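Descriptive structure summary
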Amino acid sequence: MTVSSRLERLDRLESWLKSDDTLLLGDAAAELGVSLRTIHRDLELLRDRGVPVESDRGRGGGVRIARGWGIGRISLTRLEALDLLVGLAVGGAMKQHLQMGHTDTIRRKVVASFWAKDQRRIGEMRKRLRIGALASPAVLGSLEDPSCRVGDVLKEAFALSKALKLRYVDRKGALTERLFEPHFLLLNPPVWYAIGWDHLRDCARTFRSDRIKDATLAESSFKPRPWSDFAHSMEGNPTREA
């Protein structure tokens, strides 16, 4: 058994426990193709993780999540956490008629649920999110439907400080292949931009996310640069940290 298969099995068990009233151990073992003894070991690991698994004395040897299970126990992937934090940051930064007055409190609670090393990474990522002015009518008029797959790869590269291999269509319709380091993500609502270092041009560049047609993670990593290295390329478009 590989580590990845055990982790996948634990994730599936945890998802079943959250979605069902009672999980029958025999059914779980048959579905996952393992022994009852393995299922019992997996449940002990989930308890060690802090999942409040309790036994159900009914027929079939069932288990369930203890009553009172709340949002604070939700397990998020890195990209899910980034999506949530971006949403909170944007909600707090936008001048809305009905203000989201609790975004800072929610964000602190979300961040506090992660391990200390992940909290530091999240803090560093948040400093690399920028909010600018509303997109112009000209930009909105040329906006295309962005690719969810490209968006996920872009966020992954941003979160892991990995370079991207991508194909980009500029405003004139020219298609080029780039090796790009996404140091910052910028929102000019509702349009997202990636700001970073373009190896093809060997200089700072800003790419509109909906014009990125294909993207894959490259093997090379980069060390995030300060905003001052890119601010000159954003003249006329003032931004602030999210």
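Residues numbered from 1 in each chain as written. Predicted model: local features only at pLDDT ≥ 70, side-chain atom pairs only at ≥ 80, totals over all residues. Heavy atoms only, no water.

The next point concerns the pattern of salt bridges. Tallied over the full model, the rule gives nine salt bridges. Salt-bridge contacts for E31 lead to R12; the nearest nitrogen and oxygen are separated by 3.5 Å. With a gap of 19 residues between them, E31 in helix 2 (residues 25-32) and R12 in helix 1 (residues 3-19) connect regions that are remote in the sequence. Look at R12 and you get partly exposed, because its relative accessible area is 39%. A salt bridge links D214 to R149; the shortest N-O distance between them is 3.7 Å. Here the residue D214 occupies a position in strand 9 (residues 212-221), and R149 occupies one in helix 8 (residues 148-160), the gap between them amounting to 65 residues. We classify R149 as partly exposed; its relative accessible area is 43%. (Salt bridge = Lys/Arg side-chain N within 4 Å of Asp/Glu carboxyl O. Helix = DSSP H or I, 4+ residues; strand = E, 2+ residues; numbered from the N terminus. Buried < 20%, exposed > 50% of the residue type's maximum accessible area, 1.4 Å probe, protein only.)

Turning to the pairing of strand 5 (residues 162-169), a few remarks are in order. Burial within strand 5 is extensive, with six of its eight residues counted as buried. For strand 5 and strand 9, the ladder comprises six bridges, and the chain directions are antiparallel. In the sheet register, K165 faces strand 9, and the bridge partner there is T216. As consecutive antiparallel partners, strand 5 and strand 6 (residues 175-188) are separated by five residues, and within that stretch G173 has a phi angle of approximately 90°, a positive value. (Pairing = 2+ DSSP bridges.)

With respect to the secondary-structure elements, R211 resides in the loop between strand 8 (203-208) and strand 9. One buried charged residue, R211, forms no salt bridge at all, with the nearest opposite charge on D210 at 5.2 Å. Look past the residues within four positions of R211 in its chain and what remains in contact with it is S142, R167, Y168, V169, D170 and R171. (Lys, Arg positive; Asp, Glu negative; His and termini not counted. Contact = heavy atoms within 4.5 Å.)

In this section: the environment of A194. Tracing the sequence through the fold places A194 in strand 7 (residues 191-198). A relative accessible area of 1% means that A194 is categorised as buried. With 11 residues separating them in the primary sequence, A194 and R205 have C-alpha atoms 8.3 Å apart. Setting aside anything within four residues of it in sequence, one finds A194 in contact with L154, F180, F184, L185, R205, T206 and F207.

The next point concerns the nonpolar core. Within the largest apolar cluster, 23 residues are counted, with the highest numbers of intra-cluster contacts made by L164, L166, I212 and A215. Listing elements by their share of this core, those giving two or more residues are helix 4 (78-93), helix 5 (103-112), helix 6 (116-127), helix 8, strand 5, strand 6 and strand 9. At six residues, the largest contribution of residues to this core is made by helix 8. When neighbours within four sequence positions are excluded, I212 is seen to be in contact with V150, L154, L166, R167, Y168 and F207. (Core = buried A, V, L, I, M, F, W, Y, C linked by side-chain atoms within 4.5 Å.)

Within this structure, the stated rule accounts for four aromatic pairs. Taken together, a centroid distance of 4.6 Å and an interplanar angle of 40° make the contact between F180 and F207 tilted. Placement of the pair is F180 in strand 6 and F207 in strand 8, with a sequence separation of 27 residues. The exposure classification of F180 matches that of F207, with both residues buried. With centroids separated by 5.9 Å and ring planes inclined at 70°, the aromatic side chains of F184 and F230 adopt a geometry described as edge-to-face. Residue F184 is found in strand 6, and its partner F230 is found in the loop between strand 9 and strand 10 (240-241); the two are separated by 46 residues along the sequence. (Phe/Tyr/Trp six-rings, centres within 6.5 Å; stacked < 30°, edge-to-face > 60°.)

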